[in-house]
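A look at the structure
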Amino acid sequence: MLHPDRLFPIDETSRSIARSLYQQVKSLPIVSPHGHTDPRWFAENNAFPDPAQLFVVPDHYVFRMLYSQGIDLTQLGVPRMDGGPTETDGRKIWKLFASNFHLLRATPSRMWLEHAFHDVFGITKRLSAATADETYDHIAECLQKPEFRPRSLFERFNIEVIATTESPLDELKWHEMIRASGWNGRVVTAYRPDPVVDPEFEGFAENIEKFGALAGVDATTWEGYLEAHRNRRAFFKSYGATSSDHGHPTARTEDLPQDQAKALFEKALSGKITPDEADAFRGHMLTEMARMSLDDGLVLQIHPGSYRNHSAGIMAKHGRDKGFDIPTRTDYVRALKPLLDAVGMNPDLTIILFTLDETSYSRELAPLAGAYPALKLGPAWWFFDSPEGMRRFRESTTETAGFYNTVGFNDDTRAFCSIPARHDVARRVDCAYLANLVVTGRLDEDEAPEVAHDLAYGLAKKAYRL
């Protein structure tokens, strides 16, 4: 059973305040402004295939831990790039997962999974080799019922709005199908231009050709390339997009003269660009995107600092996003200066900055967000959207940036059934943090409910213009 006071303070005075705050926010609608759920789920509204396809195969938090203990990804049903053999028997995958569920002890994944098992599927026994068949059969039976289809779960989870993330090369046909269906669930897209902004992205030149075709311009010229971005951003806005998202290896920004930017673009198309020049081009494009945001209103998200696809072998065999993205050290003060010099003082622009380098919270990020009107801090992200990571984020940033230079919580997940769990963890951690502030005399008790509401709901709606 899930402990009702999980993640709350130990001392009774603080715990009582945390409980009271949590009761006021636990049932608020979920605003999910940045994530990676598949819009096809909501477009077709088909039943999820089986428990393994729902909980194991798409979840890199789960299968990376099992892989670290010597369990091959093909045994867990993760597809191969060459179409080669991989396990397709959902029950076999589930049994392997259940037999190794102990590997997730004390991880946020364990907390999210058990929350989903309990609250979504009514399971009260711990997953193990002994309970594998029983839980598989129960979940599989549930998945055949109409109330467990994607749209029904969306409504049951009390999701007010969810943003998926698509490439500019995506035609958004699933979003079009959602719109044409007449369903009232609000599923919007977000503009993720990495395949046509990163010269080191595989097939960059071919991507630019397709990009131009979709945008109706010749994107192989610098001027046409920028126009293609404007056209595609407008197209994404027509499907509800309120943000763009940029997953660059570093936080480097540049504000280059147009002739230099054009020269880098031409080198990128030719395939003769150096790694440093590629980084400079990505950095310049962040500034170009920020200027476009001033025109079209899209919020600019920067997710830097991940050494993506660290294992060349896994990348070759299974492709991107298979658990081998590793955090790196990131310099924000110097890296962001060209962008902030260009647009950072404009309060009409919102730049949401994330980090995988926790050492930068109090030293760099909070002071920057506490000064520049355009800059806001995204929540603890990816490896750090854990109870401890969320607490460290609040403790390290609030004293300098306050609450209102942050943007609440987003779940950033492909694992649909974990969304309520992730938001519940964030609400509990924030209520615990606020209770501590109240008990230690740093926040008046009558102010705490308003802050709790903002952290759980209001800040995300405002920051992402939802």
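Fair warning: this is a prediction, and the values are worked out from it, not measured in the lab.

Topic: the nonpolar core
Nonpolar side chains tend toward joint burial in soluble globular proteins. By size, the foremost hydrophobic cluster in this structure holds 102 residues, and its most contacted members are F211, W222, Y225, M285, I351 and L434. Per-element tally for this core: the top contributor is helix α19 (residues 419–439), with ten residues. Ignoring sequence-local partners within four residues, the contact set of W222 consists of Q258, A261, K262, F265, F281, H284, M285 and E288. With 49 residues, the next largest nonpolar core counts V57, L66, I93 and I162 among its residues.

Looking at the pattern of salt bridges
Under the definition given, this model contains 35 salt bridges. Several salt bridges converge on common partners, so that one network encompasses D198, E200, R252, E254, D276, D279 and R282.

Notes on the layout of surface pockets
Here the second largest pocket is characterised by a volume of approximately 460 Å³. As for the second largest pocket, its lining consists of 21 residues, and the residues nearest its centre are K26, H115, D119, P420 and D424. Broken down by secondary-structure element, the contributors of at least two residues to the lining of the second largest pocket are α1 (12–25), α6 (108–120) and α19. Sorting elements by how many residues they give to the lining of the second largest pocket places α19 first, with five residues. Classifying every residue of the lining of the second largest pocket by side-chain character gives eight nonpolar, six polar and seven charged. Each of domain 1 (12–47 + 148–464) and domain 2 (48–147) accounts for three or more of the residues forming the lining of the second largest pocket.

Points about the packing of aromatic side chains
All chains considered together, the criterion is met by 36 aromatic pairs. Geometrically, the ring pair formed by F42 and F154 is edge-to-face, given 5.6 Å between the ring centres and 75° between the ring planes. Taken together, the positions of F42 in helix α2 (residues 39–44) and F154 in helix α8 (residues 150–156) put the pair 112 residues apart, joining distant regions of the chain. The class for F42 is buried, based on a relative accessible area of 0%. Between F235 and F236 the ring centres are 6.4 Å apart and the planes differ by 70°, which places this aromatic pair in the edge-to-face class. With relative accessibility at 26%, the residue F235 sits in the partly exposed group. Aromatic ring contacts, followed pair by pair, group F55, W94, F97, F101, F117, F121, Y136 and F148 into a single cluster.

A closer look at the sheet that holds strand β4 (residues 243–246)
One open sheet accounts for four strands, arranged β4-β5-β8-β9; its pairing is parallel. For this open sheet the edge positions go to β4 and β9 (375–377), each flanked by a neighbour on one side alone. Between one strand axis and the next, the sheet turns by 25° as a mean value, whatever way the strands run. Across three bridges, strand β8 (residues 351–353) lies against β9 in parallel orientation. Bridging across to β9, I352 finds its partner in K376. Helix α14 (residues 275–296) contacts β4 and β5 (299–302) of the sheet and is inclined by roughly 155° relative to β5.

Thresholds, definitions, all that
- Residues numbered from 1 in each chain as written.
- Predicted model: local features only at pLDDT ≥ 70, side-chain atom pairs only at ≥ 80, totals over all residues.
- Heavy atoms only, no water.
- Core = buried A, V, L, I, M, F, W, Y, C linked by side-chain atoms within 4.5 Å.
- Buried < 20%, exposed > 50% of the residue type's maximum accessible area, 1.4 Å probe, protein only.
- Helix = DSSP H or I, 4+ residues; strand = E, 2+ residues; numbered from the N terminus.
- Contact = heavy atoms within 4.5 Å.
- Salt bridge = Lys/Arg side-chain N within 4 Å of Asp/Glu carboxyl O.
- 1 Å grid on protein atoms, 1.4 Å probe; cavity = no way out; pocket = protein on both sides within 12 Å on 5 of 7 lines; lining within 4 Å.
- Points joined across faces, edges and corners; volume = space filled by probe spheres on them.
- Nonpolar A, V, L, I, M, F, W, Y, C, P; charged D, E, K, R; others polar.
- Domains from an automatic or database assignment.
- Phe/Tyr/Trp six-rings, centres within 6.5 Å; stacked < 30°, edge-to-face > 60°.
- Pairing = 2+ DSSP bridges.
- Axes fitted to C-alpha atoms, helices over the stretch in contact; angles between N-to-C directions.

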